[in-house]
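An overview of the molecular structure
Okay, here's what each chain looks like letter by letter:
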Amino acid sequence: MLKTRIIPCLDIDKGRVVKGVNFVDIVDAGDPVEQAKIYNKAGADELCFLDITATHEGRDTIIHMVEDVAAEVFIPLTVGGGISTIPHIRNLLNAGADKVSINSAAVKNPDFVRKAAEKCGSQCIVVAIDAKAKEDGSEGWEIFTHGGRKGTGIDAVEWAVKMAEYGAGEILLTSMDRDGTKQGFNLPLTRAVSDAVRIPVIASGGVGNLQHLVEGVTEGHASAVLAASIFHFGEYTIAEAKGAMNKAGVPIR
Amino acid sequence: MAKETLLIIDYGSGNLRSVAKAFEYKAHEDHIDCDVIVSDRPEDIRKADRVVLPGQGAFGDCKDNLERSGLIAPLEEAVLKKSVPFLGICVGMQLLATRGVEHGVYAGLNWIPGQVIPIVQTTPSLKIPHMGWNEVVMAHYEGASPEQDNAHFVLRSAESSNGEAKHYYFVHSYMFQCEYDHHILGMSEYGQSVTAIVGRDNILGVQFHPEKSASAGLELLSGFMKWRP
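Below you will find a few notes about this structure. (Residues numbered from 1 in each chain as written. Chains lettered and ligands numbered in written order. Predicted model: local features only at pLDDT ≥ 70, side-chain atom pairs only at ≥ 80, totals over all residues.)

**Quick look at the overall build of chain B**
Heads up, the rule is: Helix and strand definitions follow DSSP, with helices as H or I runs of at least four residues and strands as E runs of at least two, each counted in order from the N terminus. Using C-alpha atoms as the atom set, the radius of gyration is obtained and then compared with a globule rule of 2.2 Å times the number of residues to the power 0.38. The exposure scheme places C-beta atoms from the backbone and then counts, for each residue, the other C-beta atoms within 10 Å of its own, assigning buried at 20 or more, exposed at 12 or fewer, and partly exposed in between. Here, residue contact means that the backbone-derived C-beta atoms of the two residues sit within 7 Å.
Looking only at helices and strands, one finds six helices and 13 strands in chain B. Taking 2.2 N^0.38 as the reference for a compact globule, 229 residues should give roughly 17 Å; the C-alpha atoms of chain B span a radius of gyration of 16 Å, in line with that estimate. Over its C-alpha atoms, taken along the principal directions, chain B stretches across nearly 50 × 45 × 35 Å. Sorting the 229 residues of chain B into buried and exposed places 52% on the buried side. A fraction of 74% describes how many contacts in chain B between residues 6 or more apart in sequence connect residues 24 or more apart.

This is the structure:
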């Protein structure tokens, strides 16, 4: 039986982890390889690196970071943040990333997703969707860009369906109205998107406790759950997350 | 014993670095005297002691690339005539089949009779691709041939001592349907039975990605490097 994936997400700035696990016994908390090793050992099913490097020059460092991690940690790696060209995707994949997540570039030019899937294969193209309640107050959710500040008027569910048609292999869905709140995923949004597409959906945004992770799957119908802070700050371990899943009847590795 | 060479075939189909790194990592950890090289040169295939065929993307594209690179004849010579241990990964495993039906009908290597067909979406909630960690159950049949039994050298590690199946990381939308049951060495369940491992003689193919399957996958790669079929 296929297992529900638990995916820790690490923020990377200029090749260094700026938001990651913070244990006393860690020698260099900013070292992505060390972070990845810890999570691999803890049973993480996959790792997601979000490159938050603001400058263009800093971008190449993520390639080297992926090379370093992929040489020592043998679980799937997804890299996202500022990806807008096919060569950039190729470089990341050649460095050892298994998937890349495309966000703003997809909104700006949906054909980019089609091209990326054609050139590199659907299996490595994740489309990241940041969504929250529609600004005009009407029913449903819309896509936001620029860290949730800029509404686009694009319906989130329709967008997910379109991205799947364009060749996305997976959707990384972040509930923007929940991100950082610790109130749990936006479950109606997660369910609406998960049920609308045939490809897997990763739920993200708002996880504050283990029950939230469970609900993402049982009520949100997500194939995988992504979380950052609850793991990094040692509130919960991956093992505890898996324990909670298991107890709720969600299959885990 | 002279140092062996393990060749990962580079035919323009996907990322080979992770596969190479995983073999290197495991060779180092388990003190296996094995050079890992990535190459697209026929003479390297002829010289190799072990051959790995990875693969990502569409069946037809991969087959075309392999053909265009002029690698099929040296591969057949190495694997079929010289009986060099062979491991196919993902589409590299699917290419062992007689044919694939992804975006048209394409001939495969036909080393293991069968065809590569789409995974059937048996229920509306079944996601395609089959992506993530799944258990692989070793095939047990009445009167099983040695290579089919889980006593298979490479696959010994694939079943833990307590008999529990191990998990491996899968990403695929098409699956290998073997013509003969005795070529199926491992199965997974995903709304249907999905062939996870095929093999005969010196040939082994895995649908999942051992290079991305943490310790379970690395153990399998280690077994392959020590295998003397």
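Continuing now.
**Observations concerning the environment of Arg5(A)**
With respect to the element layout, Arg5(A) can be found in strand β1 (residues 5–13). By C-beta crowding, Arg5(A) is classed as buried, having 23 other C-beta atoms within 10 Å. For Arg5(A) and Ile252(A), which are 247 residues apart along the polypeptide, the C-alpha to C-alpha distance reads 7.1 Å. Excluding anything up to four places from it in sequence, Arg5(A) contacts Asp45(A), Glu46(A), Ala224(A), Gly132(B) and Trp133(B).

**Observations regarding helix α7 (residues 187–196) of chain A**
All names here are of chain A. Note the following rule: It is the directions from the helix axis to the C-beta atoms whose arc is reported.
Within α7, the full set of buried residues consists of Leu-187, Leu-189, Thr-190, Val-193 and Ser-194. The buried residues of α7 occupy an angular sector of 160° when projected down its axis, which confines them to one face. In this structure, the buried side of α7 is in contact with β6 (125–133), β7 (141–145), α6 (156–165), β9 (170–175), β10 (201–204) and α8 (210–218).

**Description of the packing of helix α1 (residues 32–42) of chain A against helix α2 (residues 60–70) of chain A**
Residue and element names in this part refer to chain A. Applied cut-off: Axes here refer to lines fitted to C-alpha atoms; in helices the fit is confined to the stretch in contact. Angles between the N-to-C directions go from 0 to 180 degrees. Geometric relationships in this document are graded by angle, where less than 35 degrees denotes roughly parallel, more than 145 denotes roughly antiparallel, 65 to 115 denotes roughly perpendicular, and other angles denote oblique. Crossing handedness follows the turn of the near helix against the far one: under a right angle anticlockwise gives a left-handed crossing, and clockwise gives a right-handed one.
Running from amino to carboxyl end, α1 crosses α2 at an angle of 40°, the nearest separation of the two axes being 9 Å. Here α1 is positioned oblique relative to α2, judged by the angle of their axes. Note that α1 runs across α2; the crossing there is right-handed. The residues of α2 that touch α1, namely those facing Pro-32, Val-33 and Ala-36, are Met-65, Asp-68 and Val-69.

**Some thoughts on the pairing of strand β1 (residues 4–9) of chain B**
In summary, the side chains of a regular strand alternate between the two faces of the sheet. All names here are of chain B. Formally: Strand pairing is defined by DSSP finding a minimum of two bridges between the two strands.
Pairing of β1 with strand β2 (residues 34–39) involves six bridges; the strand directions are parallel. Bridge assignment links Ile-9 to a residue of β2, and that residue is Ser-39. By the bridge criterion, three bridges tie β1 to strand β3 (residues 50–53) in an arrangement that is parallel. The partner of Leu-7 across the bridge, within β3, is Val-51.

**Considering the sheet that holds strand β10 (residues 174–178) of chain B**
Residue and element names in this part refer to chain B. Within the open sheet, the four strands sit side by side as β6-β5-β7-β10. Their pairing is mixed. Since the sheet does not close on itself, it has two edges, and those belong to β6 (106–107) and β10, each with one partner. Bridge count for strand β7 (residues 114–118) against β10 is five bridges, and the pairing is antiparallel. Opposite Pro-118, over in β10, you have Tyr-174 as the bridge partner.

**Comments concerning the interface of chain B and chain A**
Heads up, the condition is: Residue classes follow a fixed rule: Ala, Val, Leu, Ile, Met, Phe, Trp, Tyr, Cys and Pro count as nonpolar, while Asp, Glu, Lys and Arg count as charged, and any other residue, Gly among them, counts as polar.
Listed per partner, the contact involves 28 residues of chain B and 26 residues of chain A. Looking at the side of chain B that touches chain A, the elements that each hand over two or more residues are α1 (17–29), β8 (130–138), β9 (166–172) and α6 (214–226) of chain B. The element best represented in the side of chain B that touches chain A is β8(B), accounting for six residues. Across the side of chain B that touches chain A, the residue classes break down as eleven nonpolar, ten polar and seven charged.

**Topic: the environment of Ala156(A)**
Residue position: Ala156(A) is located in helix α6. Apart from the residues lying within four places of it in its own chain, the contact partners of Ala156(A) are Ile129(A), Ala131(A), Trp141(A), Glu142(A), Ile143(A), Leu189(A) and Val193(A).

**Here's the deal with the environment of Ala105(A)**
All names here are of chain A. By the secondary structure assignment, Ala-105 is in helix α4 (residues 104–108). You can call Ala-105 partly exposed: it has 17 C-beta atoms within 10 Å. Taking the C-alpha atoms as reference points, Ala-105 and Glu-135, separated by 30 residues in sequence, lie 22 Å from one another.

Everything listed is a geometric property; what it means functionally is a separate question.
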